[in-house]
Amino acid sequence: MKFFLIILKAFLINICFIGLIFAADSCPTISPKLVDDNPPNQVEAILNNVICSFVNLNSKDSGTLSSTLNLTKKKIIPYVDLEYSTELALGTYWDELDARSKKIFERDLKNSLINDYISILADLRNWEDINISVDDQFTQNNNIAMVTVFISLKNQNSKAKVTLKLIQKDRWRIFDLVYQNISIIDIQKISYHSRINR
């Protein structure tokens, strides 16, 4: 189970910051721009791009902290709605902030996620053993959707179930991840509220 938590953490940072660049030819994927604009198809394209990118990075023995950070910044940020995630994490405080302060909190959230998870991503070496299965059944209420993803390792029967929450503005973007009823937004909410109340 500990390994699944490590994969979940790696999965989180990848989900939260994924980009549009195709993976190497050794691991072909379809760009999210080219698939149907429905939540499960977008999630599957995003995750496959990320895993293939990390497989390629590690196959070249280039999985250093610096290269992982660069890959994360180049490929991941466009698929996260940092503004909406930050707004949810701050709750009622969001409306009290000016535009500059909102951007500072968004940057803080992005940096927090990178600082918390980048070393885990850099240390993970068996990306090619990760299997992702996206459930075609999803819930949608206006521009908010929830998609279930199952993560497993090659030759293992156990699976981890993760729910991704997405919002559609100009495109579908991920704003939260829930694992075993624990939401990343809820964790950030606790962190922000404790700092604000000091």
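Residues numbered from 1 in each chain as written. Predicted model: local features only at pLDDT ≥ 70, side-chain atom pairs only at ≥ 80, totals over all residues. Heavy atoms only, no water.

Draft legend 1. The pairing of strand 2 (residues 144–153), seen in detail. By the criterion of burial, strand 2 is predominantly enclosed, with 7 of the 10 residues buried. When strand 1 (residues 130–141) meets strand 2, the two strands line up antiparallel, connected through 9 bridges. Bridge pairing in strand 2 links I130 to L153. Here strand 1 hands over to strand 2 after 2 residues, with N142 in that stretch at a positive phi of 60°. As paired strands, strand 2 and strand 3 (residues 159–168) are joined by 9 bridges and run antiparallel to one another. Residue pairing in the sheet places I151 in a bridge with A160 of strand 3. Between the end of strand 2 and the start of strand 3, which pair antiparallel, lie 5 residues, with N155 showing a positive phi angle near 65°. (Buried < 20%, exposed > 50% of the residue type's maximum accessible area, 1.4 Å probe, protein only. Helix = DSSP H or I, 4+ residues; strand = E, 2+ residues; numbered from the N terminus. Pairing = 2+ DSSP bridges.)

Draft legend 2. Fine view of the sheet that holds strand 2. Here 5 strands make up an open sheet; going across it, the order is 1-2-3-4-5 and the pairing antiparallel. Single-partner strands in this sheet number two, and they are strand 1 and strand 5 (182–183). In this sheet, strand 5 lies alongside strand 4 (residues 172–179) in antiparallel orientation, the contact comprising 2 bridges. Its bridge partner lying in strand 5, V178 is registered against S183.

Draft legend 3. Fine view of the packing of aromatic side chains. Enumeration according to the criterion identifies 1 aromatic pair in this entry. Their ring planes at 85° and their centres at 4.9 Å tell us that Y84 and F175 sit as a pair that is edge-to-face. Remark: F175 occurs in strand 4 and Y84 occurs in helix 4 (residues 82–90); sequence separation between them is 91 residues. The same class applies to Y84 and to F175, which are both buried. For K159, the ring lying beneath its charged end belongs to F150, and the centroid distance is 5.7 Å. (Phe/Tyr/Trp six-rings, centres within 6.5 Å; stacked < 30°, edge-to-face > 60°. Lys NZ or Arg CZ within 6 Å of the ring centre and 35° of its normal.)

Draft legend 4. Here's a closer look at the packing of helix 5 (residues 99–123) against helix 6 (residues 184–196). Closest axis-to-axis distance for the helix 5/helix 6 pair is 12 Å, and the angle between their directions is 120°. Comparing the axis directions of helix 5 and helix 6 gives the class oblique. Between helix 5 and helix 6 lies a crossing whose hand is right-handed. Here helix 5 contributes F105, D108, L109, S112 and L113 to the contact with helix 6, which in turn contributes I184, Q188, Y192 and R195. In the contact of helix 5 with helix 6, the residues fall into 5 nonpolar, 2 polar and 2 charged. (Axes fitted to C-alpha atoms, helices over the stretch in contact; angles between N-to-C directions. Parallel < 35°, antiparallel > 145°, perpendicular 65-115°, else oblique. Left-handed = near helix turned anticlockwise from the far one by under 90°. Contact = heavy atoms within 4.5 Å. Nonpolar A, V, L, I, M, F, W, Y, C, P; charged D, E, K, R; others polar.)

Draft legend 5. Layout of the pattern of salt bridges. The tally for this structure, following the rule as stated, stands at 3 salt bridges. One salt bridge connects E106 with K103, and the closest N-O pair in it is separated by 3.5 Å. Remark: K103 and E106 occur in helix 5; sequence separation between them is 3 residues, near one turn of the helix. (Salt bridge = Lys/Arg side-chain N within 4 Å of Asp/Glu carboxyl O.)

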